[in-house]
Amino acid sequence: MVNPEHKSGIDRFGVIRLFLDAAQLGSFSAAGRKQGMSPAAASACIQRLEASLKVKLFERTTRQLRLTEEGRVYQHFSEQALVLMVEAEASLHAGSDVVRGTVKISAPSDIGRNVLLPILDAFRDLHPELRYALVLTDATSNLVQDDIDLAIRYGQLPDSDMVARLLAPSRRVVCVAPALAARVGLPQTPQQLAELPAIVLVTPLGAMNEWRYTEPATVAADASAGDKAPGRRAQSVRVQHYNQSNDGEIVRKWAVAGRGYAYKSILDIADDLRAGRLQTVLDDYFTDSAPLNLLYHRNRFQPPRIALLIDFLLERFGQLST
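Basis of the calculations
Residues numbered from 1 in each chain as written. Predicted model: local features only at pLDDT ≥ 70, side-chain atom pairs only at ≥ 80, totals over all residues. Heavy atoms only, no water. Helix = DSSP H or I, 4+ residues; strand = E, 2+ residues; numbered from the N terminus. Buried < 20%, exposed > 50% of the residue type's maximum accessible area, 1.4 Å probe, protein only. Contact = heavy atoms within 4.5 Å. Areas by Shrake-Rupley, 256 points an atom, 1.4 Å probe, with all protein chains shown as cover. Salt bridge = Lys/Arg side-chain N within 4 Å of Asp/Glu carboxyl O. Axes fitted to C-alpha atoms, helices over the stretch in contact; angles between N-to-C directions. Parallel < 35°, antiparallel > 145°, perpendicular 65-115°, else oblique. Left-handed = near helix turned anticlockwise from the far one by under 90°. Nonpolar A, V, L, I, M, F, W, Y, C, P; charged D, E, K, R; others polar. Pairing = 2+ DSSP bridges. Phe/Tyr/Trp six-rings, centres within 6.5 Å; stacked < 30°, edge-to-face > 60°. Expected span 1.5 Å × (residues − 1). Bend = angle between axes of the 7 residues up to and from the residue.

Trainee: Just to check I follow, could you spell out the overall build of the chain for this structure?
Mentor: Of the regular secondary structure elements, the chain holds 11 helices and 15 strands. Within the chain, the fraction of its 322 residues that count as buried is 44%. In the chain, once contacts between residues fewer than 6 apart in sequence are set aside, the share between residues at least 24 apart is 75%. Carbon and sulfur atoms make up 51% of the accessible area of the chain, which amounts to about 16900 Å² in all.

What follows is the structure, encoded as structure tokens:
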């Protein structure tokens, strides 16, 4: 009997790749284009796969394509099967302990250039046949659609399909070059920042010129005298006079150059603080926690190169101190 996949010019593992792409991209057409197939051929191929398995893998509507429960189970084992086949083929040409292949990583521009790069270089010194595809961006990537293996991000992401591991604790602070502080003055309250020169990060959501802070307990108590249980009030200040960039490292460099006050993760400016190039201000007000997390796919089988790199990143970032 002739396998129907052979008639379509695609082998069983090609079908699995097509299925996984459709699951990740949410589109038969997009998955087909990635595999060099027409939308009609991709859809027909998935239909034949479902018929051969005698299960429905996808729920199809006019607006979205999503996996059924059976589809999620098949996705889990299909990912493992493909990874194991790649690893098996690689082991034919090298010892089984050789780490090779490509890891696609996304990270913020500042932490990526100044902290992550040396760590990745150290890991590749241990595993010289490893390759990286590094994406540095301060925007939130679509980790599934962009096929990212590992992502480094501040704070939590709303994506419930991702595992978040703490790389390093951090918080957001307002910082300034000492020379600029001497020239324009130090603010005594967050609201005074509105009239001082500033530098702002721009994201797809717009300019991040609203900086959140929390009143210290003593201020909150004075403001609510007579209350039985005064609390610290979350507020924000909107800076008005600013230069802007979509690159976090540019924001840091401008701050060091004395272009304005900046709102940064303390991890990003740790070296500048130690060297005296920057100083923080209003630390009693700006206390928001912004932990640096490592994110990866919850249900995806991790080949050795990714599993080992995860452990290496957790160890090296854990050694950071601010």
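Structure's up, so let's keep going.
Trainee: It is not clear to me how the pattern of salt bridges should be interpreted in this structure. Could you clarify?
Mentor: It is possible for side chains of opposite charge to pair when their charged atoms get near one another. Per the stated rule, a full pass over the model turns up 18 salt bridges. Note that lysine 34 is salt-bridged to aspartate 21, the shortest N-O span being 3.4 Å. With lysine 34 in helix H3 (residues 28-34) and aspartate 21 in helix H2 (residues 12-25), this residue pair connects regions lying 13 residues apart in the sequence. The buried category is assigned to aspartate 21, whose relative accessible area is 8%. A salt bridge links arginine 113 to glutamate 249; its shortest N-O distance comes to 3.3 Å. Separated by 136 residues along the polypeptide, arginine 113 in helix H6 (residues 109-126) and glutamate 249 in helix H9 (residues 248-256) bring together distant segments of the chain. Classification of arginine 113 by relative accessible area gives partly exposed; the value is 33%.

Trainee: I'm lost on the packing of H6 against helix H11 (residues 304-318) in this one. Help?
Mentor: Relative orientation and spacing of two packed helices are given, respectively, by the angle between their axes and the distance between those axes. As a packed pair, H6 and H11 sit with axes 11 Å apart at the nearest point and diverge in direction by 125°. Regarding the angle of H6 to H11, the classification is oblique. Considering the relative orientation of H6 and H11, their crossing is right-handed. The segment H6 lies against H11, with Ile111, Val115, Leu116, Ile119, Leu120, Ala122, Phe123 and Leu126 engaging Arg305, Leu308, Leu309, Phe312, Leu313, Arg316 and Phe317. A breakdown of the residues in the contact of H6 with H11 according to their chemical character gives 13 nonpolar, no polar and 2 charged.

Trainee: Would you mind showing me how to read the sheet that holds strand E4 (residues 130-136) here?
Mentor: The strands that make up a sheet are held in pairs by hydrogen bonds between backbone atoms, and each pair lies either parallel or antiparallel. The mixed open sheet is built from 5 strands, whose spatial order is E4-E3-E5-E15-E6. One side of each edge strand has no neighbouring strand; the edge strands of this open sheet are E4 and strand E6 (162-168). In this sheet, adjacent strand axes meet at a mean angle of 25° when their direction is disregarded. Sheet analysis places E6 next to strand E15 (residues 292-297), joined by 6 bridges and oriented antiparallel. Pairing of leucine 166 across the sheet is with asparagine 293, part of E15. The strands touched by H6 within the sheet are strand E3 (101-107), E4, strand E5 (150-154) and E15, with E4 carrying the most contacts at an inclination of about 175°. Against the sheet, H11 engages E3, E4, E5, E6 and E15, with an angle of about 35° to E6.

Trainee: It is not clear to me how the pairing of E15 should be interpreted in this structure. Could you clarify?
Mentor: Regular strands have side chains that alternate between both faces of the sheet. With 6 of its 6 residues buried, E15 lies for the most part within the structure. As judged from the 5 bridges shared by E5 and E15, these two strands associate in the antiparallel manner. The residue bridging arginine 153 from the neighbouring strand is asparagine 293, located in E15.

Trainee: Where do I start with the packing of aromatic side chains in this structure?
Mentor: The description of two aromatic rings rests on the distance between their centres and on the angle between their planes. Counting across every chain of the model gives 8 aromatic pairs. When the centroid spacing of 5.1 Å and the interplanar angle of 65° are considered together, the rings of phenylalanine 19 and tyrosine 74 count as edge-to-face. With phenylalanine 19 in helix H2 and tyrosine 74 in helix H5 (residues 69-91), this residue pair connects regions lying 55 residues apart in the sequence. Residue classification places phenylalanine 19 among the buried residues on the basis of a relative accessible area of 0%. Judged by centre distance (5.5 Å) and plane angle (20°), the rings of tryptophan 211 and tyrosine 263 are stacked. Remark: tyrosine 263 occurs in strand E13 (residues 261-265) and tryptophan 211 occurs in strand E10 (residues 210-214); sequence separation between them is 52 residues. Across the pair, tyrosine 263 and tryptophan 211 agree in class, each one buried. Following the ring pairs from residue to residue traces out a cluster consisting of Trp211, Tyr213, Tyr263, Tyr285 and Phe286.

Trainee: What am I meant to see in the side chain of glutamine 75 here?
Mentor: Along the chain, glutamine 75 falls in helix H5. Those residues in contact with glutamine 75 that sit more than four places away from it in its chain are Phe19, Leu20, Ala23 and Leu67.

Trainee: Please clarify how the environment of proline 187 should be interpreted in this entry.
Mentor: As for its position among the elements, proline 187 is in the loop between helix H7 (178-184) and strand E8 (197-203). For the pair proline 187 and leucine 282, spaced 95 residues apart in the sequence, the C-alpha separation amounts to 7.6 Å.

Trainee: Help me out: how do you make sense of H6 in this one?
Mentor: Spacing of three or four residues puts side chains on the same side of an α-helix, whose turn is 3.6 residues. The end-to-end C-alpha distance of H6 is 25 Å, a good match for the 26 Å that 18 residues give at a rise of 1.5 Å each. The largest bend along H6 measures about 50° and falls at leucine 116, with the proline proline 118 one to four residues further on. Buried within H6 are the following residues: Ser109, Asp110, Ile111, Gly112, Val115, Leu116, Ile119, Leu120, Ala122 and Phe123.

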